[in-house]
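# Structural features, examined
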Amino acid sequence: MVYSVEEGTIVKIDYDLFNAETDALIETTREETAKENDIHKEGQNYSPMTIVVGSGQLIEGFEESLLEAKANKDIELEIPPEKAYGERKSEDVETYGMEKMMRFVRDPESLAIGSSVEINGRTGILKYVAAGRARVDYNHPLAGQSLKYNYKIVEVIKGKKEKAQAILESQTGHKEFDIKFKANDITIQLPQEMLYDPNASMLKFRLVSSLRDGVNAEKVIFTEIHEPRAISEEE
């Protein structure tokens, strides 16, 4: 069966993203494509991306295409900068004295051209250092570029619990969530490995919004079970 999608539909998408002008591959969910284009990263999980259509997770041009797409159909799409990451803005490139720059850098040893820096809550890329001055570019790395997507909706998620599970797994990288619904309230027991994730608090905050968009959740309850630590005979 060929499914159409609409706002609120939860889908899994395989995609390749290219610079439309140079045809250089930027990122992909397909491991073979990454290997063929010499951008493969060991240890990276190559798998379809789970998204809630119309939730603002994607750039405007991609969202618009999804609303007209059919599942299991290969689609090629070119998106101009104004519907991707915008045009580059000269006002988003700033120059600082190195003394000020070093006040914001946690690890000066890691500072290098191309590295990410955060100044006054803004994250940018260090582009240039000379004569005691540093230039930081706050534009999105893909700003000003026309992008080309080759994508396919490989699965349309059906069922309330299945939708919740897909959202949880895709946004945390963890599995084995125990999910219970009571009307529109949802209780989620977190898997053991997530209890030790340093990003768990931030992930939970984001999940609440995604679950409300994806399954119309009202009250969202996270529960944690901390198992006793096993003690060896030597201890």
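Worth saying up front: this structure is predicted, and the values here are computed from it rather than measured.

Let's shift gears to the sheet that holds strand β11 (residues 185–189). Spatial strand order, β10-β11-β12: 3 strands in an open sheet with mixed pairing. Strands at the two margins of the open sheet, each flanked by one partner only, are β10 (178–182) and β12 (220–223). Each strand of the sheet is rotated relative to its neighbour by a mean of 15 degrees, with strand direction disregarded. In this sheet, β11 lies alongside β10 in antiparallel orientation, the contact comprising 5 bridges. Bridging from a neighbouring strand, Phe181 pairs with Ile186 of β11. Running at roughly 135 degrees to β10, helix α4 (residues 160–172) makes contact with β10 and β11 of the sheet. Lying on the sheet, helix α5 (residues 200–215) is in contact with β10, β11 and β12; it crosses β12 at an angle near 135 degrees.

With that settled, the discussion passes to the nonpolar core. Ranked by internal contacts, the top residues of the largest apolar core, which has 22 residues, are Val11, Ile13, Phe62, Leu66, Tyr149, Tyr151 and Ile153. At the level of secondary structure, the elements contributing two or more residues to this core comprise β1 (10–19), α2 (60–66), β4 (75–79) and β9 (147–156). Sort the elements by how many residues they give to this core and β9 lands first, with 5 residues. Those residues in contact with Leu66 that lie beyond four places of it in its chain are Val5, Ile13, Ile51, Val53, Leu58, Tyr151 and Ile153. Listed in part, the 21 residues of the second largest apolar core include Ile157, Ile167, Leu168 and Val208.

Helix-helix packing is described using two parameters, namely the angle between the two axes and the distance between the axes. For the pair α4 and α5, the least separation of the axes is 10 Å and the interaxial angle reads 150 degrees. When you trace α4 past α5, the crossing you get is right-handed. Residues Lys160, Lys163, Ala164, Ile167, Leu168, Gln171 and Thr172 of α4 touch α5, and the partners they reach there are Leu203, Arg206, Leu207, Ser210, Leu211, Gly214 and Val215. Looking at side-chain class alone, the contact of α4 with α5 contains 7 nonpolar, 4 polar and 3 charged residues.

Let's shift gears to a negative patch on the surface. A grouping of Glu31, Glu32, Glu36 and Glu42 is seen on the molecular surface, where their side chains present a negatively charged patch. Inspection of the secondary structure assignment puts Glu42 in the loop between α1 (31–36) and β3 (49–52). Residue classification places Glu42 among the exposed positions, given a relative accessible area of 73%.

Let us look at the pairing of strand β8 (residues 133–137). When strand β5 (residues 93–97) meets β8, the two strands line up antiparallel, connected through 5 bridges. Paired with Glu94 across the two strands is Val136, which belongs to β8. Across 5 bridges, strand β7 (residues 122–130) lies against β8 in antiparallel orientation. Counted as the bridge partner of Leu126 is Val136 from β8. Here β7 folds back onto β8 in antiparallel fashion, the turn holding 2 residues, of which Ala131 has a positive phi close to 50 degrees.

On to the packing of aromatic side chains, then. With the rule as written, the count across this model stands at 3 aromatic pairs. Between Phe62 and Tyr149, the ring centres sit 4.4 Å apart and the planes meet at 40 degrees, which makes this aromatic pair tilted. Residue Phe62 is found in helix α2, and its partner Tyr149 is found in strand β9; the two are separated by 87 residues along the sequence. Just as Phe62 is buried, Tyr149 falls in that class too. Their ring planes at 55 degrees and their centres at 4.8 Å tell us that Phe62 and Tyr151 sit as a pair that is tilted. Note that Phe62 is positioned in helix α2 and Tyr151 in strand β9, a separation of 89 residues in sequence. Cluster of aromatic residues (ring-pair linked, three or more members): Tyr15, Phe62, Tyr149 and Tyr151. Sitting above the plane of the Phe18 ring, Lys148 keeps its charged end 5.1 Å from the centroid.

Parameters and conventions
- The residue count restarts for each chain, going from 1 along the sequence in the order it is written.
- Whole-chain, interface and lining totals are the exception, using all residues; otherwise, since this is a predicted model, local features are given only for residues with pLDDT of at least 70 and side-chain atom pairs are given and counted only at 80 or more.
- Side-chain measures were taken over the full set of non-hydrogen atoms in the model, leaving aside hydrogen atoms and water.
- In short, DSSP must find at least two bridges between two strands for them to pair.
- Counting from the N terminus, the helices are DSSP H or I runs at least four residues long and the strands are E runs at least two residues long.
- Axes, fitted as lines to C-alpha atoms, cover a helix only where it is in contact. Angles between the N-to-C directions of the axes lie from 0 to 180 degrees.
- Here a residue-residue contact requires only that any non-hydrogen atoms of the pair lie within 4.5 Å.
- Only buried residues count toward a nonpolar core. Its members are Ala, Val, Leu, Ile, Met, Phe, Trp, Tyr and Cys residues joined through side-chain atoms within 4.5 Å.
- Three exposure classes are used, based on accessible area relative to the maximum for each residue type with a 1.4 Å probe and protein chains only: buried under 20%, partly exposed in between, and exposed over 50%.
- Handedness of a helix crossing follows the sense of rotation of the near helix relative to the far helix, less than a right angle counterclockwise being left-handed and clockwise being right-handed.
- Note on residue classes: Ala, Val, Leu, Ile, Met, Phe, Trp, Tyr, Cys and Pro are nonpolar, Asp, Glu, Lys and Arg are charged, and everything else, Gly too, is polar.
- Patch members must show over 30% relative accessible area and no salt bridge, and they are joined within 9 Å when carrying like charges or within 5 Å when they are nonpolar side chains of Val, Leu, Ile, Met, Phe, Trp or Tyr.
- Note on areas: Shrake-Rupley with a 1.4 Å probe; residue coverage comes only from the protein chains shown.
- Within this document, salt bridges are pairs made up of a side-chain nitrogen of Lys or Arg and a carboxyl oxygen of Asp or Glu, the two lying within 4 Å of each other.
- When charges are counted, neither His nor the chain ends are considered; positive counts come from Lys and Arg and negative counts from Asp and Glu.
- Every charge is mapped to an atom, namely NZ of Lys, CZ of Arg, CG of Asp or CD of Glu.
- Stacked, tilted and edge-to-face are the three classes applied to pairs of Phe, Tyr and Trp rings, where Trp contributes its six-membered ring and a pair requires centres within 6.5 Å; stacked means planes under 30 degrees apart, edge-to-face means over 60, and tilted covers the rest.
- The rule for a charge over a ring is simple: NZ of Lys or CZ of Arg within 6 Å of the ring centre, and within 35 degrees of the ring normal.

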